[in-house]
Amino acid sequence: MNTPTSEDLEKIRLQFDRAPYPGYPIDQSPEGNASLLFIHNLITPFYLRNQQIPDVSKATILDAGCGNGYTALALAIANPGARIVGVDLSDTSIQMARQRMQHFGVSNAEFHTLSIEQVPSLGMEFDYINCDEVLYLVPDLKLALRSLQSVLKPQGILRGNLHSLYQRGNFFRAQQLFKLMGLMDSNPGDTEVAIALQTIQALKDDVPLKSQTWNSEFEGAAAHGKAVTNYLLQGDKGFTIPDLFAALKTADLEFISMVKWQLWDLMELFKDPQHLPPFWQTNLPHLSIETRLHMFELMYPAHRLLDFWCGHPGQANSFIPPQQWQTGDWQNAVVHLHPQLRTTTVREDLIHCIRQRSPFSISRYLSALTLKPVRLSPLIAACLLPLWDGAQPVMALVERLLKIKPLHPVTLEPMTAEMALNEIIKTLTSLEAFLYVLLTPDS
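What you are looking at is a predicted structure, and each value in this text was computed from that prediction instead of being measured. (Residues numbered from 1 in each chain as written. Predicted model: local features only at pLDDT ≥ 70, side-chain atom pairs only at ≥ 80, totals over all residues. Heavy atoms only, no water.)

A. The packing of aromatic side chains, seen in detail. Enumeration over the complete set of coordinates arrives at 14 aromatic pairs. When the ring of tryptophan 264 is compared with that of phenylalanine 296, the centres are 5.2 Å apart and the planes differ by 40 degrees; the resulting orientation is tilted. On the criterion of sequence distance, the pair formed by tryptophan 264 in the loop between strand S6 (254–258) and helix H12 (278–283) and phenylalanine 296 in helix H13 (residues 289–299) is long-range, its members being 32 residues apart. Accessibility expressed as a relative area gives 8% for tryptophan 264, which makes it buried. Through pairs of rings, three or more aromatic residues link up here, namely Phe171, Phe178, Trp214, Phe218 and Tyr231. (Phe/Tyr/Trp six-rings, centres within 6.5 Å; stacked < 30°, edge-to-face > 60°. Helix = DSSP H or I, 4+ residues; strand = E, 2+ residues; numbered from the N terminus. Buried < 20%, exposed > 50% of the residue type's maximum accessible area, 1.4 Å probe, protein only.)

Following this line, the structure appears as structure tokens:
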């Protein structure tokens, strides 16, 4: 069994000492990247699992494999007031992470040069653990997951990801080739990178290894970094959905959701989901989430990362999803706007669309979960405007809709409270599917 002191782990450390990841300068911030902050906000997975909104200001968050601090900064921005703890094998990366936080005036962060397996030595427990672009490199995935599980609070959530064996298979073939050529015997330097790039460039364009891996990113100033993180990435390994679920089970962790769950919808792969072949009509409703996800990756290996959230088994709060609510549940519910949408820029753009009587494309501002535009009519946009000031009871939005739209647009009869409520329910249900809004019982 590989151990944290293995030769492979040392190669990984040296690789990131040489080229800290990600390659963003110290003064670059994720401040305006709403989709990135959406993923790094503890509210997102916690709501998915519990239909509750946690107080992120009281959270302690671990960035395991923090690199040069870019994701740690994203965690600090997405979770205002939270305590951020970053660990990484590379001391060079840790020094850059400290400089980045100092540059942006983030004082509630600390960093340690540690491997993931050494995290328990901190003597801390965490509400959220972010382990991004790391687990596919560790010598022993199950050991790494068990180490993180041991420091996760009972209701804590762990985010991790693995490279997809199917989507990234061409790069794994390239890595095997370059291992045969001796380019990965030690930490690849300028000579090894040059040989790898020259080799791919020299191939005919229709040779699969070139046609399936080469693009413009491997040319120019970025070529060295792209080559190292793809063709010559030390420790890189591919996994399948069954591999992921087996590793979670061994580490006594429970799968919660894929991070971009809407983009893993098996039904979206069929031409007409309403008229499936007989086999699928009969069996699809009974498939486990693991089987659905595995079928998806076999049919459509589009995602480089198997990006997931997990937690301790049996710790989720039971709740009834809004799609199954009765009228009384809706009448007593409260609507919250996701924090990554509640910005001055989005509010101003919303008001502009209302005044111009043009559709408001809400997915333009938070596109992490959809490849298709999600639009609101000007009237519905006007109805939801108070959400930018704070959480609103559903019935307050109903009352507002009755003022904005007093007559039925077809019959010209007065809109009733029941009609307005049904329209609000339809709107909120569609938006909650992407977590643009969060719905909670009246407290």
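B. Focus on the sheet that holds strand S11 (residues 392–393). With antiparallel pairing, three strands are arranged side by side in an open sheet as S11-S8-S12. Here the strands that pair on one side only, and so sit at the sheet edges, are S11 and strand S12 (437–441). Two strands pair when backbone bridges link them, and strand S8 (residues 333–337) and S11 are joined in this way by two bridges, in the antiparallel orientation. Bridging from a neighbouring strand, valine 334 pairs with proline 393 of S11. Each of S8 and S12 is contacted by helix H18 (residues 417–432), which is oriented at about 115 degrees to S12, the strand it contacts most. (Pairing = 2+ DSSP bridges. Contact = heavy atoms within 4.5 Å. Axes fitted to C-alpha atoms, helices over the stretch in contact; angles between N-to-C directions.)

C. Quick peek at the side chain of glutamine 51. Take glutamine 51: it is sitting in the loop between helix H3 (43–50) and strand S1 (60–64). Judged by relative accessible area, glutamine 51 falls into the buried class, the value being 6%. Of the polar contacts made by the side chain of glutamine 51, one reaches the backbone oxygen of isoleucine 320; its length is 3.5 Å. When residues no more than four places from it in sequence are discounted, the contact partners of glutamine 51 are Phe46, Phe319, Ile320, Pro321, Pro322, Trp325, Leu439, Thr440 and Pro441. (Polar contact = N/O pair within 3.5 Å; in protein donor to acceptor, adjacent residues only side chain to side chain.)

D. Seen up close, empty space enclosed by the protein. What the rule picks out here adds up to one cavity of 30 Å³ or more. As for the largest cavity, its lining consists of Ser164, Trp264, Phe296, Glu297, Tyr300, Pro301, Ala302, His303 and Leu306. Of the residues assigned to the lining of the largest cavity, the class counts are six nonpolar, two polar and one charged. (1 Å grid on protein atoms, 1.4 Å probe; cavity = no way out; pocket = protein on both sides within 12 Å on 5 of 7 lines; lining within 4 Å. Points joined across faces, edges and corners; volume = space filled by probe spheres on them. Nonpolar A, V, L, I, M, F, W, Y, C, P; charged D, E, K, R; others polar.)

E. Local environment of the layout of surface pockets. Approximately 690 Å³ is the volume found for the second largest pocket. Lining the second largest pocket are 23 residues; nearest its centre among them are Leu48, Ile256, Ser257, Trp261 and Ile289. Taken together, the elements giving at least two residues each to the lining of the second largest pocket come down to H3, S6 and H13. Looking at the lining of the second largest pocket residue by residue, the classes come out as 15 nonpolar, four polar and four charged.

F. Fine view of the pairing of strand S4 (residues 126–131). For S4, a buried count of six out of six residues is recorded, marking the element as mostly surrounded by other parts of the structure. Pairing of S4 with strand S5 (residues 152–163), which is carried by five bridges, proceeds in the parallel orientation. Along S5, the bridge assignment pairs phenylalanine 126 with leucine 152. With helix H6 (residues 141–149) bridging S4 and the parallel S5, this β-α-β connection has right-handed handedness. (Right-handed = clockwise from strand over helix to strand, strands pointing away.)

G. Looking closely at a nonpolar patch on the surface. A surface patch of nonpolar side chains, amounting to about 270 Å² of accessible area, comprises Leu165, Tyr166 and Leu298. Mapping leucine 165 onto the fold places it in the loop between S5 and helix H7 (169–180). On the accessibility criterion, leucine 165 (37% relative accessible area) is partly exposed. (Patch = residues over 30% accessible without salt bridge, like charges linked within 9 Å, V, L, I, M, F, W, Y side chains within 5 Å. Areas by Shrake-Rupley, 256 points an atom, 1.4 Å probe, with all protein chains shown as cover. Salt bridge = Lys/Arg side-chain N within 4 Å of Asp/Glu carboxyl O.)

H. Broad picture of the pattern of salt bridges. Enumeration according to the criterion identifies 13 salt bridges in this entry. Arginine 159 is the salt-bridge partner of aspartate 307, the closest N and O atoms lying 2.7 Å from each other. Of the two residues, aspartate 307 sits in strand S7 (residues 305–311) while arginine 159 sits in strand S5, which places them 148 residues apart along the sequence. Just as aspartate 307 is buried, arginine 159 falls in that class too. The structure contains a network of salt bridges with shared partners spanning Asp132, Arg159 and Asp307.

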